Amino acid sequence: QVQLVESGGGLVQAGGSLRLSCVASGRTFSPYGMAWFRQAPGKEREFVGSISWRGGFTIYADSVKGRFAISTDNGKSTVYLQMNSLKPEDTAVYYCAAGQAYRGPDNKFYDFWGQGTQVTVSS
């Protein structure tokens, strides 16, 4: 089994930055892809972006393109989400996910999930 633990969330003013981390532990960790999703109150879980574990190929939702960046440190089994130019509409619980054979935007194809970390952006 794989456990994912997110950290780095918090309260930030609009225009500010945060970096989220997601550390994987458990059995040998070598997913096909890692992703970040977010869920705001009363809304469905939304794809933010993903990265291939080997190769570092990334895709992003249009709403965050140019502001957010995903990276990995394979030696530390960690994936990061650097969030810049934050907006109040970015407020949500952010989740990381690992896919054994998938790295696209559909959340139902991911195999492991973290517990989430709250990001709140004030105006």
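In the block above lies the structure referred to throughout.
Bear in mind that the values here come from a model prediction, so they are computed numbers and not experimental data.

Participant: Run through the nonpolar core, naming residues and quoting values.
Facilitator: Counting residues in hydrophobic clusters, the biggest one holds 34 residues, and the most contacted among them are Leu 4, Met 34, Trp 36, Leu 81, Met 83 and Tyr 94. Looking at which element gives the most residues to this core, the answer is strand β9 (residues 92–99), with 5 residues. Not counting residues within four places of it along the chain, the set of residues in contact with Leu 4 comprises Cys 22, Val 23, Ala 24, Phe 29, Met 34, Cys 96, Ala 97, Ala 98, Phe 112, Trp 113, Gly 114 and Gln 115.

Participant: Outline the sheet that holds strand β1 (residues 2–7), supporting the account with residue identities and numerical values.
Facilitator: Adjacent strands of a sheet pair through backbone hydrogen bonds, lying either parallel or antiparallel. One open sheet holds the 4 strands; their spatial order is β1-β3-β8-β7, and the pairing between them is antiparallel. Each of the sheet's edge strands pairs with one partner strand only, and the pair in question is β1 and β7 (68–73). Strand after strand, the sheet turns through a mean of 15 degrees between neighbouring axes, direction not considered. For β7 and strand β8 (residues 78–83), the ladder comprises 6 bridges, and the chain directions are antiparallel. Its bridge partner lying in β8, Asp 73 is registered against Thr 78.

Participant: Hey, could you go over the side chain of Thr 78 for me, with residue numbers and the actual values?
Facilitator: With respect to the helices and strands, Thr 78 occurs in strand β8. Of note is the side chain of Thr 78, whose polar atom sits 2.8 Å from the backbone oxygen of Lys 76.

Participant: Talk me through the pairing of strand β4 (residues 33–39); I want residue IDs and the actual numbers.
Facilitator: With 6 of its 7 residues buried, β4 lies for the most part within the structure. Bridging between β4 and β9 involves 7 bridges; their strand directions are antiparallel. If you follow Ala 35 over to β9, its bridge partner there is Ala 97.

Participant: Can you tell me about the state of the cysteines, naming the residues and giving the values?
Facilitator: Within this structure, the stated rule accounts for 1 disulfide. Residue Cys 22 pairs covalently with Cys 96 via a disulfide, S to S 1.9 Å. Because the torsion about its S-S bond is 45 degrees, the bridge between Cys 22 and Cys 96 counts as right-handed. Separated by 74 residues along the polypeptide, Cys 22 in strand β3 (residues 18–26) and Cys 96 in strand β9 bring together distant segments of the chain. Like Cys 22, the residue Cys 96 is buried in the burial classification.

How each quantity is defined
The residue numbers shown here count from 1 along each chain, following its written sequence. Given that this is a predicted model, residues contribute local features only at a pLDDT of at least 70 and side-chain atom pairs are listed and counted only at 80 or more, while totals for whole chains, interfaces and linings are drawn from all residues. Just so you know, side-chain values use all the structure's heavy atoms and leave hydrogens and water out. Nine residue types can take part in a nonpolar core, namely buried Ala, Val, Leu, Ile, Met, Phe, Trp, Tyr and Cys, and a core is a set of them joined through side-chain atoms within 4.5 Å. Partly exposed residues are those whose accessible area sits between 20% and 50% of the maximum for their type, while under 20% is buried and over 50% is exposed, using a 1.4 Å probe and protein chains only. Each helix is a run of H or I in the DSSP string that is no shorter than four residues. Each strand is a run of E no shorter than two, and both are numbered from the N terminus. Any pair of residues with heavy atoms lying within 4.5 Å of one another is described as a contacting pair. DSSP calls a pair of strands paired once it identifies at least 2 bridges connecting them. Axis lines are fitted to C-alpha atoms, over the contacting stretch for helices. Their N-to-C directions set the angle, which ranges from 0 to 180 degrees. Polar contacts, as used here, are pairs of N or O atoms within 3.5 Å; protein pairs need one atom able to donate a hydrogen and one able to accept it. Residues neighboring in sequence count only if both atoms are side-chain atoms. Disulfide assignment relies on a single distance test, namely cysteine sulfur atoms paired within 2.5 Å.

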